[in-house]
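Working through the structure, step by step
Now for the letters of each chain:
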Amino acid sequence: MNPPSEPGRTNFFDQILTILLAGAVVATLFTSLTPASILATGLAEVFTTGGQEAFVPAQPNEFPTPTPRPRPVIGIVAGHWGNDPGAVCADELTEVEINLTVATIVRDRLVAEGFDVDLLKEFDVRLAGYRSLALVSIHADSCDYVNDQATGFKVASAIGSADQSRSDRLSACLRNRYADLTGLTYHGNSITVDMTSYHAFDEIHHETPAVIIEIGFMNLDRQLLTRHPDQIAQGITDGILCFIRNEDINSSASADGE
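What this report covers is the structure whose coordinates are included nearby.

Here is what the cut-offs are and how they apply
Here, residues in each chain are numbered from 1, in the same order as that chain's written sequence. Confidence filtering applies because this is a predicted model: local features only for residues at pLDDT of at least 70, side-chain atom pairs given and counted only at 80 or more, and all residues used for totals across whole chains, interfaces and linings. Side-chain figures throughout are based on the complete set of non-hydrogen atoms in the structure, without hydrogens or water. What counts as a helix is a DSSP run of H or I of at least four residues, what counts as a strand is a run of E of at least two, and both are numbered from the N terminus. Note on classification: 1.4 Å probe, protein chains only; a residue is buried when its accessible area is under 20% of the maximum for its type, exposed when over 50%, partly exposed between these limits. Should any heavy atoms of two residues lie within 4.5 Å, those residues are counted as being in contact. Residue-level accessible areas treat just the shown protein chains as cover; the underlying method is Shrake-Rupley with a 1.4 Å probe. Two rings from Phe, Tyr or Trp (for Trp, the six-membered ring) form a pair when their centres are within 6.5 Å of each other. A pair whose planes differ by under 30 degrees is stacked, one over 60 is edge-to-face, and the rest are tilted. Strands were regarded as paired on the criterion that DSSP finds at least two bridges between them. A crossover gets the label right-handed when its path from the first strand over the helix to the second runs clockwise, viewed with the strands pointing away from the viewer. One fewer than the residue count of a helix, multiplied by 1.5 Å, yields its expected span. Note on terminology: pairs of cysteine sulfur atoms within 2.5 Å are recorded as disulfides. Salt bridges are counted wherever a side-chain nitrogen of Lys or Arg sits within 4 Å of a carboxyl oxygen of Asp or Glu.

1. As for the overall build of the protein
In terms of helices and strands, the protein carries 9 helices and 5 strands. Of all 258 residues assigned to the protein, the portion counted as buried reaches 37%. Counting contacts in the protein only where the partners sit at least 6 residues apart, residues at least 24 apart contribute 81% of the total. Surface exposure of the protein reaches about 15,200 Å², of which carbon and sulfur atoms provide 56%.

2. Some remarks on the packing of aromatic side chains
Describing an aromatic ring pair means giving the distance of the ring centres and the angle of the ring planes. For the coordinates displayed, the defined rule picks out 3 aromatic pairs. Aromatic side chains Phe153 and Tyr178 sit 4.7 Å apart centroid to centroid with 65 degrees between the ring planes, which places their arrangement in the edge-to-face category. Here the residue Phe153 occupies a position in the loop between strand 3 (135-141) and strand 4 (154-157), and Tyr178 occupies one in helix 4 (residues 164-182), the gap between them amounting to 25 residues. The class of Tyr178 is buried, set by a relative accessible area of 0%. Within the aromatic cluster, the residues linked to one another by ring pairs are Phe153, Tyr178 and Tyr186.

3. Examining unusual backbone geometry
A positive phi angle is found at His80, which is not glycine, with a value near 75 degrees. Position of His80 relative to the elements: it lies in the loop between strand 1 (73-78) and helix 3 (95-112).

4. A closer look at the pairing of strand 2 (residues 116-120)
Across 5 bridges, strand 1 lies against strand 2 in parallel orientation. Each residue of the ladder has a partner; that of Val77, found in strand 2, is Leu120. With respect to chirality, the unit in which strand 1 leads through helix 3 into the neighbouring parallel strand 2 is right-handed.

5. So, helix 3
With 18 residues, helix 3 should reach 26 Å at 1.5 Å per residue; the first-to-last C-alpha distance of 26 Å fits that figure. Among all positions in helix 3, only Glu95, Val96, Ile98, Asn99, Val102, Ala103, Ile105, Val106 and Leu110 are buried. As for helix 3, its buried residues are in contact with strand 1, strand 2, strand 3, strand 5 (210-217), helix 7 (222-227) and helix 8 (229-244).

6. Focus on the state of the cysteines
The full count for this structure, using the stated rule, is 2 disulfides. The partner cysteine of Cys89 in its disulfide is Cys143, sulfur to sulfur 1.5 Å. Residue Cys89 is located in the loop between strand 1 and helix 3, and its partner Cys143 is located in the loop between strand 3 and strand 4; the two are separated by 54 residues in the primary sequence. Both residues of the pair, Cys89 and Cys143, count as buried. Note that Cys173 is cross-linked by a disulfide to Cys242, the S-S spacing being 2.2 Å.

7. Notes on the pattern of salt bridges
On inspection of all chains with the given rule, the structure shows 7 salt bridges. Between Asp141 and Lys154 there is a salt bridge, with its nearest N and O atoms 2.8 Å apart. Of this pair, Asp141 sits in strand 3 while Lys154 is found in strand 4, placing the two residues 13 residues apart along the sequence. Of the two residues, Asp141 and Lys154, both sit in the buried class. A salt bridge links Glu247 to Arg177; its shortest N-O distance comes to 3.2 Å. A residue pair is termed long-range when its members are at least 10 positions apart, and Glu247 in the loop between helix 8 and helix 9 (252-255) and Arg177 in helix 4 qualify at 70 residues. Of the residues examined, Arg177 reaches a relative accessible area of 15% and is grouped as buried.

Worth remembering: the numbers are spatial, not functional.
What follows is the structure in structure tokens.
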């Protein structure tokens, strides 16, 4: 026969066992019946990440918006615009009418080629320190009959720029392409001080290549200037593009009249 157990000791171990079993049952029921949504958000993250910071995936459209790059700028001055009419014919045709019409078409065609273009007035405040790929000032010559040789165009470049060769190359490109498109001859022997000392040359930034072009005489070249401004404008546009794109220059067209 086994000796009787001690009543106090048996009751103690029974109570411990009962407490452990009850705790296990309660924990099981709590885990299975309690949805994660009733837990505090922060606490739920601790439970699910083991105390580490929760990983938040990057959203697909959270990249910074790229800043668009500015397009190259070209300056076109409509001669006398905003200041005076320029040369005036007997029938009241004004030089500024021709200049502005041609300059506007040049602006539109260069924009179509992918450039930003400033259409500038004769004494535009923006000319002070103006920087661009090129600046071209468009003018027309006198309405007065001088002689049968008073026909054709002429171009003068800015003197004293930081790189004189660039202004000279812009001038050469214009002479060649303009002659090709218009059929006009280069009238270089009638270039005046008003052209070589054109005021804008002293106003713009010294690194901006610049020229002034007299697109034709309003007397003998009147029909071309008034009826075919698109042809005039294309000759100027092609000359500017020749310079900017570093195209080959055929010197034969620029040799006449020099």
